[in-house]
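# Architecture at a glance
Residue strings, one per chain:
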Amino acid sequence: PLHRDGQLGFFNFMKNILNEADLNQLLTSESFKSGFEYIISDMNSHPVHLFQTLRALLLTETKNDDLALKSWQNWVEKTNSLKPYERESLSLINSSGFSDEHARAIEILCIRLGQQSST
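Scope of this entry: the structure provided in the associated data block.

Counting secondary structure elements, the protein contains 7 helices and 0 strands. A globule of 119 residues ought to have a C-alpha radius of gyration of about 14 Å, and the protein, at 13 Å, matches this closely. Summarising its shape, the C-alpha atoms of the protein cover approximately 35 × 30 × 25 Å along the three principal directions. When each of the 119 residues of the protein is scored for burial, the buried share is 45%.

What follows is the structure in structure tokens.
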């Protein structure tokens, strides 16, 4: 059940960013769209892995660290219910500063978001 809640939480996060202009621009690229659709349809992955894969896809597509970071931070900011340490954890994903504690914070965040959607 918690794994399911975590996945639902990831998808709730994704729902928050679906109308973002930068995401919609990226979705015009067939390679990004294909990767994005794979990520949002993966019902077996751990939510932290899904976030890591999305962030890597963003960087691969933009080929620009600053642009990828700007989009990522914009997406993180769109989820209003984030606590400061959750926001920090999402911001650090795929960086050298990302730790097991950050991964656990993201996992707990996703479970919380998932449980909110199923009540």
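Structure shown, so let's carry the discussion forward.
Core analysis: the biggest nonpolar cluster contains 29 residues, and F10, F51, W72, W75, L90 and I106 have the highest contact counts within it. Secondary-structure elements contributing two or more residues to this core are α1 (2–17), α2 (21–26), α3 (30–41), α4 (47–62), α5 (65–77) and α7 (100–117). With sequence-adjacent residues up to four places away left out, F51 is seen in contact with F10, F13, W72, L90, I93, I106 and C110.

With that settled, consider the pattern of salt bridges. Summed over the entire model, instances satisfying the criterion amount to 5 salt bridges. When the shortest N-O distance is used, the salt bridge between R104 and E107 registers 2.9 Å. Here R104 and its partner E107 are both found in helix α7, 3 residues apart, which amounts to about one turn of the helix. Classification of E107 by relative accessible area gives partly exposed; the value is 23%.

Counted under the stated rule, the structure contains 6 aromatic pairs. On the basis of an interplanar angle of 80° and a centroid distance of 5.3 Å, the ring pair of F10 and F11 is categorised as edge-to-face. Classification of F11 by relative accessible area gives buried; the value is 18%. When the ring of F51 is compared with that of W72, the centres are 6.4 Å apart and the planes differ by 90°; the resulting orientation is edge-to-face. Taken together, the positions of F51 in helix α4 and W72 in helix α5 put the pair 21 residues apart, joining distant regions of the chain. Given the relative accessible area of 0%, F51 is considered buried. One aromatic cluster is present, formed by F10, F11, F13, F51, W72 and W75 through successive ring pairs.

You will see that K63, though not glycine, has its phi angle at about 55°, which is positive. Unlike most non-glycine residues, N94 shows phi in positive territory, near 65°. As for its placement among the helices and strands, N94 is situated in the loop between α6 (84–92) and α7.

Now for the environment of L82. The topology assignment puts L82 in the loop between α5 and α6. On the accessibility criterion, L82 (8% relative accessible area) is buried. Residues L82 and S95, spaced 13 residues apart in sequence, show a C-alpha to C-alpha distance of 20 Å. In this structure L82 touches V76, R87, L90, L109 and R112, once residues within four positions along its chain are discounted.

Here is what the cut-offs are and how they apply
Residues numbered from 1 in each chain as written. Predicted model: local features only at pLDDT ≥ 70, side-chain atom pairs only at ≥ 80, totals over all residues. Heavy atoms only, no water. Helix = DSSP H or I, 4+ residues; strand = E, 2+ residues; numbered from the N terminus. Rg over C-alpha atoms; globule rule 2.2 N^0.38 Å. Buried < 20%, exposed > 50% of the residue type's maximum accessible area, 1.4 Å probe, protein only. Core = buried A, V, L, I, M, F, W, Y, C linked by side-chain atoms within 4.5 Å. Contact = heavy atoms within 4.5 Å. Salt bridge = Lys/Arg side-chain N within 4 Å of Asp/Glu carboxyl O. Phe/Tyr/Trp six-rings, centres within 6.5 Å; stacked < 30°, edge-to-face > 60°.

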